[in-house]
Amino acid sequence: MHAEAPATLIAGSHGGIGQALLQTQLQRGPVISISRQPQPAQLTPPAGHVWQHIQADLSDPASVAAVQTQLAEQPIARVFACSGILHDAQHQPEKSLSQLHSEWLLTSMRSNVLSHVHLAQALSKQVSKRSPVHWLSLSAKVGSIEDNGLGGWYSYRMSKAALNMWIKNLSIEWQRKSPDSIVAAVHPGTTDTELSKPFQSRLAQDQLYSAELTAQRLSRVMDELSPAQHGKLLFWDGSILPW
Ligand SMILES: NC(=O)c1ccc[n+]([C@@H]2O[C@H](COP(=O)([O-])OP(=O)(O)OC[C@H]3O[C@@H](n4cnc5c(N)ncnc54)[C@H](OP(=O)(O)O)[C@@H]3O)[C@@H](O)[C@H]2O)c1
């Protein structure tokens with residue numbers, strides 16, 4: 001794909017929030033999606049909009065070269081990095097230290113941190129003074145150290161806190177080579193997806209948002225990104241959360 005207008009890139013596009021973002025962004029212009037899954041057949045972009053799908057596992061370091069090649073010279077203006085994991089069939093978030101296992105912590109780091117790192121490495125050559133990028137990594141409020149009053153969820157909290165520190169570092173490095181780029185982490189709000197399913201029963205109805213509403217909110221945050229938000233952890237309304 002070589003669209004005239006710079007594209008919006010959505011990584012982790014098969015997830016609940018990623019899919020909703022994909023649907024929203026396909027209505028607006030050229031889109032590149034990245035997922036471990038193949039391109040969904042049921043979605044079609046409106047006439048004139050271009051959609052490139054890259055099948056890759058961003059938690060694998062080999063994805064850096066593969067994605068870099070496929071992106072080639074494609075100009076990219078906006079990135080939503082959505083990859084993340086909280087639980088799987090064998091693992092639920094830890095309630096105590098004794099439930100913390102190194103292998104699950106490493107899986108969490110691969111999905112919640114390295115998937116974002118590898119994507120930035122694949123894109124890095126294209127980010128320049130002339131080609132700034134607005135980047136949002138989906139993080140979580142529970143990754144805020146200052147906000148942690150409850151404990152538990154060790155692997156998720158630790159990996160999201162690591163993601164937040166990486167975002168801060170990336171914001172400093174890219175600021176030097178691309179002063180108009182804006183890099184931030186964002187808490188999407190508790191959203192009705194597979195990730196939050198096991199924990200939804202404890203929530204009041206107005207604390208759980210549809211993926212479509214979250215996609216609209218994150219699209220607005222992206223549209224309104226300002227230099228004051230660079231290198232920060234944002235709430236879904238764009239306000240700044242404590243690290
Ligand atoms: N839902 C919420 O309430 C909530 C709250 C706070 C933060 N978040 C964050 O928002 C982001 C999106 O969450 P979601 O609710 O849409 O969750 P989801 O439906 O479970 O989707 C998770 C995404 O992460 C990717 N992923 C999962 N495991 C992976 C692995 N081992 N290696 C590489 N990629 C992996 C998947 O990408 P593929 O496309 O490759 O399958 C998928 O797109 C996550 O970072 C999550 O932590 C969600």
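Preceding this paragraph is the structure being described.
Values in this document were obtained by computation on a predicted structure and should not be read as measured data.

1. Notes on the site of the ligand
Part 1 of the argument: With respect to spatial proximity, 29 residues lie near the ligand, and among them G12, S35, R36, Y156 and T193 are the closest.
Part 2 of the argument: The contact in question runs from a nitrogen atom of the ligand to an N or O atom on the side chain of S59, over 3.4 Å.
Part 3 of the argument: For the ligand, whose unbound accessible area comes to 880 Å², protein coverage reaches 90%.
Part 4 of the argument: Secondary-structure elements contributing two or more residues to the shell around the ligand are α1 (16-26), α3 (102-123) and α4 (154-177).
Part 5 of the argument: Classifying every residue of the shell around the ligand by side-chain character gives eight nonpolar, 18 polar and three charged.

2. Concerning α4
Part 1 of the argument: The terminal C-alpha atoms of α4, which comprises 24 residues, lie 35 Å apart, in line with the 34 Å expected from a rise of 1.5 Å per residue.
Part 2 of the argument: The set of residues buried in α4 consists of S155, Y156, R157, S159, K160, L163, N164, W166, I167, L170, S171 and W174.
Part 3 of the argument: Buried residues along α4 sit in contact with α3, β5 (134-138), β6 (182-186) and β7 (233-234).

3. Points about α1
Part 1 of the argument: When we look at burial in α1, the residues that qualify are I17, G18, A20, L21, L22, Q25 and L26.
Part 2 of the argument: Considering only its buried residues, α1 is in contact with β1 (7-11), β2 (31-35), β3 (51-55), β4 (76-81), β5 and α5 (211-223).

4. Here's the deal with the pairing of β1
Part 1 of the argument: Burial analysis of β1 places five of its five residues in the buried class, the great majority of the element.
Part 2 of the argument: The alternating pattern of β1 places A7, L9 and A11 and T8 and I10 on opposite faces, both of which are buried.
Part 3 of the argument: Pairing analysis gives five bridges linking β1 to β4, with the strands arranged parallel. Note on β4: the bridge partner recorded for A7 is I76.
Part 4 of the argument: As paired elements, β1 and β2 share four bridges and run parallel to each other. Pairing of A11 across the sheet is with I34, part of β2.
Part 5 of the argument: Read as a crossover between parallel neighbours, the route from β1 over α1 to β2 is right-handed.

5. Some remarks on the side chain of S115
Part 1 of the argument: Mapped onto the fold, S115 is located in helix α3.
Part 2 of the argument: Its relative accessible area of 6% is what places S115 among the buried residues.
Part 3 of the argument: A distance of 3.5 Å separates the side chain of S115 from the backbone nitrogen of S59, its partner in a polar contact.
Part 4 of the argument: Here S115 is in contact with L58, S59, S83 and R110, once residues within four sequence places are set aside.

6. Section: the packing of α1 against α5
Part 1 of the argument: Look at α1 against α5: their axes get within 8 Å of each other, and the N-to-C directions meet at 60 degrees. The crossing of α1 and α5 is right-handed. Two secondary-structure elements touch here, α1 through G16, I17, A20, L21, T24 and Q25 and α5 through A211, E212, T214, A215, L218 and S219.
Part 2 of the argument: Residues of the contact of α1 with α5, tallied by class, amount to six nonpolar, five polar and one charged.

7. A short note on the packing of aromatic side chains
Part 1 of the argument: Per the stated rule, a full pass over the model turns up six aromatic pairs.
Part 2 of the argument: Measuring from ring centre to ring centre gives 6.1 Å for W153 and Y156, while their planes differ by 70 degrees; the resulting arrangement is edge-to-face.
Part 3 of the argument: Classification of W153 as partly exposed rests on a relative accessible area of 25%.
Part 4 of the argument: Classification of Y156 as buried rests on a relative accessible area of 9%.
Part 5 of the argument: A cation sits over an aromatic face here: R217 above Y209, 4.1 Å from the ring centre.
Part 6 of the argument: Positioned above the aromatic ring of W236, the side-chain terminus of R217 is 3.5 Å from the ring centre.

Scoring rules and cut-offs
- Residues numbered from 1 in each chain as written.
- Predicted model: local features only at pLDDT ≥ 70, side-chain atom pairs only at ≥ 80, totals over all residues.
- Heavy atoms only, no water.
- Near = heavy atom within 4 Å.
- Polar contact = N/O pair within 3.5 Å; in protein donor to acceptor, adjacent residues only side chain to side chain.
- Areas by Shrake-Rupley, 256 points an atom, 1.4 Å probe, with all protein chains shown as cover.
- Helix = DSSP H or I, 4+ residues; strand = E, 2+ residues; numbered from the N terminus.
- Nonpolar A, V, L, I, M, F, W, Y, C, P; charged D, E, K, R; others polar.
- Expected span 1.5 Å × (residues − 1).
- Buried < 20%, exposed > 50% of the residue type's maximum accessible area, 1.4 Å probe, protein only.
- Contact = heavy atoms within 4.5 Å.
- Pairing = 2+ DSSP bridges.
- Right-handed = clockwise from strand over helix to strand, strands pointing away.
- Axes fitted to C-alpha atoms, helices over the stretch in contact; angles between N-to-C directions.
- Left-handed = near helix turned anticlockwise from the far one by under 90°.
- Phe/Tyr/Trp six-rings, centres within 6.5 Å; stacked < 30°, edge-to-face > 60°.
- Lys NZ or Arg CZ within 6 Å of the ring centre and 35° of its normal.

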